[in-house]
Amino acid sequence: LDIGQAMSPPLIRAVKAASPQADLTIVDCPPGTSCPVIEALRGADYVLLVTEPTPFGLNDLKLAVETVRKLKIPFGVLINRADVGDERTKQYCQLERIEVLADIPDDRQVAEAYSRGEMICAAITKYQGLYGDLLSKIETRISAHGG
């Protein structure tokens, strides 16, 4: 968005309305519980909360978990850069009975491929299985909740 343009919630609504019908639509949003996040969550069948194992990541995750629970949307967690930071995020998920669907390691190749606009699965074949499994888990969770 440029300065002076509409706020992001109206933009998110417009993008969602213009999305073609599909079996799976992914709406990405910033961390936390701001208005853009709430708008992105509206109407979701399932939420994948992406976090990092750092104090800031855990703080944002706790806020997001509280939000999706209040909205009664089924969810799971993906831990990005899982091999940095500490174990508090996994401990929190275990204590709160939150399913961790995948751990993605910190990998410079991923950052390089992403910066070139490439799909990680296509650019780095060792991740095809990880992302394929993640997609299967998400589809299974959506089906289990009637989505």
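Engineer: So, the pairing of strand S1 (residues 47–51): which residues are in play, and what are the values?
Structural biologist: As a general feature of sheets, a regular strand has side chains that alternate between the two faces. A one-sided burial pattern is seen for S1, the buried positions being Val 47, Leu 49 and Thr 51 and the unburied ones Leu 48 and Val 50. What joins S1 to strand S2 (residues 75–80) is helix H3 (residues 55–70), and the crossover it makes is right-handed.

Engineer: Kindly report on the confidence of the model for the protein chain, identifying the contributing residues and their values.
Structural biologist: Put simply, the protein chain has an average pLDDT of 90, and 95% of its residues get 70 or more. Considering each helix and strand of the protein chain separately, the mean pLDDT is smallest for helix H1 (residues 8–18), with a value of 83, and largest for helix H4 (residues 88–95), with 98.

Engineer: For the packing of aromatic side chains, give the residues involved together with the corresponding values.
Structural biologist: Between two aromatic rings, the relevant description is the distance of the centres plus the angle of the planes. Counted according to the given criterion, the structure contains one aromatic pair. Between Tyr 127 and Tyr 131 the ring centres are 6.4 Å apart and the planes differ by 65°, which places this aromatic pair in the edge-to-face class. For Tyr 127, a relative accessible area of 5% corresponds to the buried category. Judged by its relative accessible area of 22%, Tyr 131 is partly exposed.

Engineer: Can you tell me about the sheet that holds S1, naming the residues and giving the values?
Structural biologist: Across the sheet, three strands lie side by side as S1-S2-S3; this open sheet has parallel pairing. Strands with a single pairing partner mark the edges of an open sheet, and in this sheet they are S1 and strand S3 (100–104). Going across the sheet, the axis of each strand differs from the next one's by a mean of 20°, ignoring polarity. Helix-sheet contacts for helix H7 (residues 128–144) involve S1, S2 and S3, and the interaxial angle to S3 is about 165°.

The rules behind these values
- Residue numbers here run from 1 along each chain, matching the order of that chain's written sequence.
- The predicted origin of the model limits local features to residues at a pLDDT of at least 70 and limits the giving and counting of side-chain atom pairs to 80 or more, whereas totals for whole chains, interfaces and linings rest on all residues.
- Only hydrogens and water are removed before side-chain values are computed, so all heavy atoms of the structure are retained for them.
- Classification of residues uses two cut-offs on accessible area relative to the type maximum, computed with a 1.4 Å probe and protein chains only: under 20% is buried, over 50% is exposed, and between them is partly exposed.
- Working definition: helices are DSSP H or I runs of at least four residues, strands are E runs of at least two. Numbering for both runs from the N terminus.
- Think of it like this: strands point away, you trace from the first strand over the helix to the second, and a clockwise trace means the crossover is right-handed.
- The pLDDT value tells you how sure the predictor is about a given residue, anywhere from 0 up to 100.
- Ring geometry is summarised as follows: Phe, Tyr and Trp rings, the Trp one being its six-membered ring, pair when their centres sit within 6.5 Å, and such pairs are stacked at plane angles under 30 degrees, edge-to-face over 60 and tilted between the two.
- In this scheme, strands are said to pair when DSSP sees at least two bridges between them.
- To define axes, lines are fitted to C-alpha atoms, for helices over the stretch in contact only, and angles between the resulting N-to-C directions are given on a 0 to 180 degree scale.
- The contact definition used throughout considers only heavy atoms, calling two residues in contact when any of these lie within 4.5 Å.

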